[in-house]
Amino acid sequence: MVVLVAVGVSLGWLRDVLPHWGTRAYTRGDGQFQAWTIDWVQGALLGHHGLWDAGIYHPSPRALAFSDHLLGLAPLLLPLRALGLSPAGQLNTAIVLGTVVDALAAYLLVRVVVRHRAAAVVGAVAFVAGPFPHQLSLQLHMLWRPALPIVVALVWVLADRRSGRAAWARFPSDRWLAVLLAVAVGWQGLVSFYGAVLVGLVLVLVVFVRAGDLGWPGLRLVGLAALAGAAAVAVTLPPYLANARDYEGFERTLADTEAFR
């Protein structure tokens, strides 16, 4: 049911491009640019060209680092490329897939915390349906946010296990939970730096709530996992830092956000 609702919601957003799935990006501007970004990054992964020195704004170097690189998403969409989908088709399909993945992640979180199937369905629908998720769908790197509920769910399971409240026999060991946590943090950061910040805030909040149950061993595992995930994201920072150094106006201030109100 959760998957059907997520697919229905996303196709509702995409209704105008359904007849033009492979030739028209869901949104102009950001959507078209992100379709290009996916294509460029995939081409780099396949060895067709370099990664950061993208073929835009020539001869400026590190042009890919003028915006989100989508390194967390482009590899996942390679099978769509192999099937012959155009960049626009990949973008539109990724909106559907991202909505489904988000819904399943939210479902998992509520099942872990509340342990009630109906409540989990409600939580999943609330996470992907409505005006705010619709707004996020306009930018792929904001739509794909499954690590937010997954990070909470993993820390919650770890805290439950360490406190003895629940055995969670179907889940792996504490160390494997930490590995999964590191992967979730790192992957979300490779989708978007915004996502990295949100995951960090969510992680701090859930650790604050469950610190007593985690204990020092659990807190150490969570901390190591967070550092490992952050290290994966940090690998992509040098081109952005170089651009911030070399290009005037590359950085945005809080005052700049007034234009987006």
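Scoring rules and cut-offs
Residues numbered from 1 in each chain as written. Predicted model: local features only at pLDDT ≥ 70, side-chain atom pairs only at ≥ 80, totals over all residues. Heavy atoms only, no water. Salt bridge = Lys/Arg side-chain N within 4 Å of Asp/Glu carboxyl O. Helix = DSSP H or I, 4+ residues; strand = E, 2+ residues; numbered from the N terminus. Expected span 1.5 Å × (residues − 1). pLDDT = per-residue confidence, 0-100.

**Regarding the pattern of salt bridges**
Point 1. Counted by the stated rule, this structure contains 9 salt bridges.
Point 2. For R115, the salt bridge goes to D160, with nearest N and O atoms at 3.2 Å. Of the two residues, R115 sits in the loop between helix 4 (87-113) and helix 5 (117-128) while D160 sits in helix 8 (residues 147-163), which places them 45 residues apart along the sequence.
Point 3. Here R162 ties to D174 by a salt bridge, and the two come within 2.9 Å at their closest N and O atoms. Remark: D174 occurs in helix 9 (residues 174-191) and R162 occurs in helix 8; sequence separation between them is 12 residues.

**Here we look at helix 4**
Point 1. Here helix 4 spans 38 Å end to end across 27 residues, near enough to the 39 Å set by a 1.5 Å rise per residue.
Point 2. Among the residues trailing helix 4, R115 stands out with phi positive, at a value near 60 degrees.

**Let's talk about the confidence of the model for the protein chain**
The predicted structure's coordinates, where accompanied by low pLDDT, should not be read in detail.
Point 1. Mean pLDDT over the protein chain works out to 89, with 95% of the residues at or above the 70 mark.
Point 2. Within the protein chain, the lowest mean pLDDT, 88, falls on helix 6 (residues 131-136), and the highest, 95, falls on helix 3 (residues 78-82).

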